[in-house]
Amino acid sequence: MFSRLIDSALNNRPIVLGTVVMLCVAGLFSSLRLPVDAVPDITNVQSMVITKTGALDPQKVESTVTY
């Protein structure tokens, strides 16, 4: 089976080369039309911290954790 495929490819070199050229052109055309997102993600980095602070009010906890 593979020997027939190889023999037909060797006997029909112009068709094989034309197919390869068409595939290369199609790949180049597709790569030029590919949308590229070049803008980095500029959202703020956030993290959640869970602490046990007892009787402190939220403002004190926030100032203590951020310090």
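The structure displayed is predicted, hence computed values, not measured ones.

Parameters and conventions
- Residues numbered from 1 in each chain as written.
- Predicted model: local features only at pLDDT ≥ 70, side-chain atom pairs only at ≥ 80, totals over all residues.
- Heavy atoms only, no water.
- Helix = DSSP H or I, 4+ residues; strand = E, 2+ residues; numbered from the N terminus.
- Rg over C-alpha atoms; globule rule 2.2 N^0.38 Å.
- Buried < 20%, exposed > 50% of the residue type's maximum accessible area, 1.4 Å probe, protein only.
- Areas by Shrake-Rupley, 256 points an atom, 1.4 Å probe, with all protein chains shown as cover.
- Lys, Arg positive; Asp, Glu negative; His and termini not counted.
- Charge placed at Lys NZ, Arg CZ, Asp CG, Glu CD.
- Patch = residues over 30% accessible without salt bridge, like charges linked within 9 Å, V, L, I, M, F, W, Y side chains within 5 Å.
- Salt bridge = Lys/Arg side-chain N within 4 Å of Asp/Glu carboxyl O.

S.K.: With reference to specific residues and values, describe the overall build of the chain.
M.R.: Scanning the chain for helices and strands turns up three helices and zero strands. Overall, the chain shows an N-to-C arrangement of helices and strands of α-α-α. Computed over C-alpha atoms, the radius of gyration of the chain comes to 32 Å, more than 25% over the 11 Å expected from 2.2 N^0.38 for 67 residues, which places it beyond the range of a compact globule. Expressed as lengths along the three principal axes of its C-alpha atoms, the size of the chain is roughly 85 × 30 × 15 Å. Within the chain, the proportion of its 67 residues that are buried is 1%. Carbon and sulfur atoms make up 66% of the accessible area of the chain, which amounts to about 7000 Å² in all. Both charge centroids of the chain, one from 5 positive and one from 5 negative side chains, sit 14 Å from each other.

S.K.: Break down the environment of S8 for me, with residues and values.
M.R.: Position of S8 relative to the elements: it lies in helix α1 (residues 2–11). Sequence separation between S8 and M22 is 14 residues; the distance between their C-alpha atoms is 19 Å.

S.K.: Can you tell me about a nonpolar patch on the surface, naming the residues and giving the values?
M.R.: Nonpolar side chains collect at one region of the surface, where F2, L5, I6 and L10 lie side by side and expose about 450 Å² of accessible area between them. Relative to the helices and strands, L10 is located in helix α1. Using a relative accessible area of 47% as the deciding quantity, one classes L10 as partly exposed.

S.K.: Can you tell me about the environment of Q46, naming the residues and giving the values?
M.R.: With respect to the helices, strands and loops of the structure, Q46 is situated in the loop between α2 (13–32) and α3 (58–66). Sequence separation between Q46 and P35 is 11 residues, and the spatial gap between their C-alpha atoms is 29 Å.

So far we have only geometry, and geometry alone does not tell us how the molecule works.
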